Amino acid sequence: KLGDSAEITVSSNSLCFTTDSYVVKPLFFNGGDIGKLAACGTINDLSVAGARPFALSLALIIEDGFEIKLLEKIIESIGQIVRENNVDIVTGDTKTVERGAADKIFINTAGIGIKIANANLGIDRIKAGDKIIVNGTIGDHGMTIISQREGIKFESQLKSDCAALSDLTCKLLENTSGIKFMRDPTRGGLAATLNEIVKSSGLSIKINENDIPVNKTVQAAADMLGFDVLAIANEGKFITVVSPDSA
């Protein structure tokens, strides 16, 4: 189905399973680093599939000469995120490659989550009249990365929204009816996610631009650098489609 996670059924439990690889420049940015990004990203892919994450794998590809202190800092970031979200890293792997063969460090994570009872999510459930909700401002992560990569400083400092969403999504799914679809608008941003819904559902979406939450500094940065904030990546946001009476 080309979703963020594959749903498999074993014995009496339904599991969700996902994997992703993480490369980012710079490795450390305001609001996080590649380690936090990897842990949150995989937790979030499971969360928007309607699952409670419980186990991750962690594989590192490290370039020869990478500083041990930086590696330790990245591992500590990963540890903090999984502890805060009651997730265990249950298996992993480390490989080193010669200098110049990788951009300092690459990370691959896979995750398994237990499907929440009665969480029935899918684009096929979306109907005309449903409402779309986003949990916060968009474009924060992507514009933070781009501005730091370009060495541009703004009067109000940009900060990535990188965060794990499982606590919020699980509470919503366990206590709210009428939730039909969830997705985290990472690469391609909000525009790509909404476009995917349109293409797959056969329905059109009416967007009131003034209702889309955007940090003023993020919008200013996007305008200055020639980016559309609707197409900028997010790492701590999700959109959900809900029935009108649940909105």
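Structure shown above.
(A) Summary view of the overall build of the chain. Scanning the chain from N- to C-terminus turns up six helices and 10 strands. Whereas a compact globule of 247 residues would reach a radius of gyration of roughly 18 Å, the chain reaches 18 Å, a difference of no more than 12%. Here the C-alpha coordinates of the chain stretch approximately 55 × 50 × 30 Å along the principal axes. The buried share of the chain, reckoned over its 247 residues, is 44%. For the chain, the share of sequence-separated contacts (at least 6 apart) that also reach a separation of at least 24 residues comes to 85%. Total accessible area on the chain stands at roughly 13100 Å², and carbon and sulfur atoms take up 49% of it. Distance between charge centroids for the chain: 3 Å, based on 25 positive and 31 negative side chains.

(B) The pattern of salt bridges, seen in detail. All told, the structure shown has seven salt bridges when counted by the stated rule. With a closest N to O distance of 3.7 Å, Lys25 and Asp103 form a salt bridge. With Lys25 in the loop between β2 (13-22) and β3 (28-29) and Asp103 in the loop between β6 (88-97) and β7 (105-115), this pair connects stretches of sequence that are 78 residues apart. According to the relative accessible area criterion, Lys25 is partly exposed, its value standing at 46%. Between Arg183 and Glu196 there is a salt bridge, and its shortest N-O distance comes to 2.7 Å. Taken together, the residues Arg183 in strand β9 (residues 179-183) and Glu196 in helix α5 (residues 189-201) connect sequence positions 13 residues apart. Judged by its relative accessible area of 10%, Arg183 is buried.

(C) Representation of the side chain of Asp184. Residue position: Asp184 is located in the loop between β9 and α5. No salt bridge forms around the buried Asp184; measuring N to O, its nearest opposite-charge neighbour Arg183 is 5.1 Å away. With near-sequence residues (within four places) excluded, Asp184 lies in contact with Asp4, Asn44, Asp45, Val48, Thr193, Lys237 and Phe238.

(D) The arrangement of the state of the cysteines in detail. Going through the model one piece at a time under the given rule, you end up with zero disulfides. With no disulfide of its own, Cys40 lies 4.1 Å from the sulfur of Cys162, the closest cysteine sulfur.

(E) The sheet that holds strand β8 (residues 131-134), seen in detail. Taking strand neighbours across the sheet as the criterion, the three strands line up as β8-β10-β9 in an open arrangement whose pairing is antiparallel. With one partner strand each, in any of the chains shown, β8 and β9 form the two edges of the open sheet. For this sheet the average axis-to-axis angle between neighbouring strands, irrespective of direction, equals 20°. Of the strand pairs in this sheet, β8 and strand β10 (residues 239-242) are connected by four bridges, and their pairing is antiparallel. Residue Ile132 lies in a different strand from β10, and its bridge partner there is Val241.

(F) Structural view of the environment of Ala51. Among the structural elements, Ala51 can be located in strand β5 (residues 51-63). Residue Ala51 is classed as buried on the basis of its relative accessible area, which comes to 0%. With 30 residues separating them in the primary sequence, Ala51 and Ser21 have C-alpha atoms 20 Å apart. Excluding its chain neighbours within four sequence positions, the residues that come into contact with Ala51 are Cys16, Leu46, Gly113, Ile114, Lys115, Ile116 and Cys170.

(G) Spatial organisation of the pairing of β5. Sheet topology places β5 next to β7; 11 bridges connect them, and they run antiparallel. If you follow Pro53 over to β7, its bridge partner there is Gly113. Two strands pair when backbone bridges link them, and β5 and β6 are joined in this way by nine bridges, in the parallel orientation. For Leu60, the partnering residue across the bridge sits in β6 and is Thr94. Running through helix α2 (residues 68-84), the crossover from β5 to the neighbouring parallel element β6 is right-handed.

Criteria and thresholds
- Residue indices follow the written sequence of each chain, beginning from 1 at its first position.
- With the structure being a predicted model, the display of local features is reserved for residues of pLDDT at least 70 and the display and counting of side-chain atom pairs for 80 or more, all residues being used for whole-chain, interface and lining totals.
- The side-chain numbers reported here are obtained from all heavy atoms of the structure, hydrogens and water having been left aside.
- Working definition: helices are DSSP H or I runs of at least four residues, strands are E runs of at least two. Numbering for both runs from the N terminus.
- Radius of gyration means the value over C-alpha atoms here, while the globule rule gives 2.2 Å times the residue count to the 0.38 power.
- Partly exposed describes any residue whose relative accessible area lies between the buried limit of under 20% and the exposed limit of over 50%, with all areas from a 1.4 Å probe on protein chains only and scaled to the type maximum.
- The contact criterion used is simple: two residues touch if any of their non-hydrogen atoms lie within 4.5 Å.
- Note on areas: Shrake-Rupley, 1.4 Å probe, and residue coverage restricted to the protein chains presented here.
- Counting rule for charge: Lys and Arg are taken as positive, Asp and Glu as negative, and neither His nor the chain ends is counted.
- Note that the charge is assigned to NZ on lysines, CZ on arginines, CG on aspartates and CD on glutamates.
- Note on definitions: salt bridges are taken to be side-chain nitrogens of Lys or Arg within 4 Å of carboxyl oxygens of Asp or Glu.
- Only a pair of cysteine sulfur atoms within 2.5 Å qualifies as a disulfide here.
- Should DSSP find at least two bridges between two strands, the strands are regarded as paired.
- Only C-alpha atoms enter the line fits that serve as axes; for helices the fit covers just the stretch in contact. Angles between N-to-C directions range over 0 to 180 degrees.
- Throughout, right-handed denotes a crossover for which the path from the first strand over the helix to the second runs clockwise when the strands point away from the viewer.

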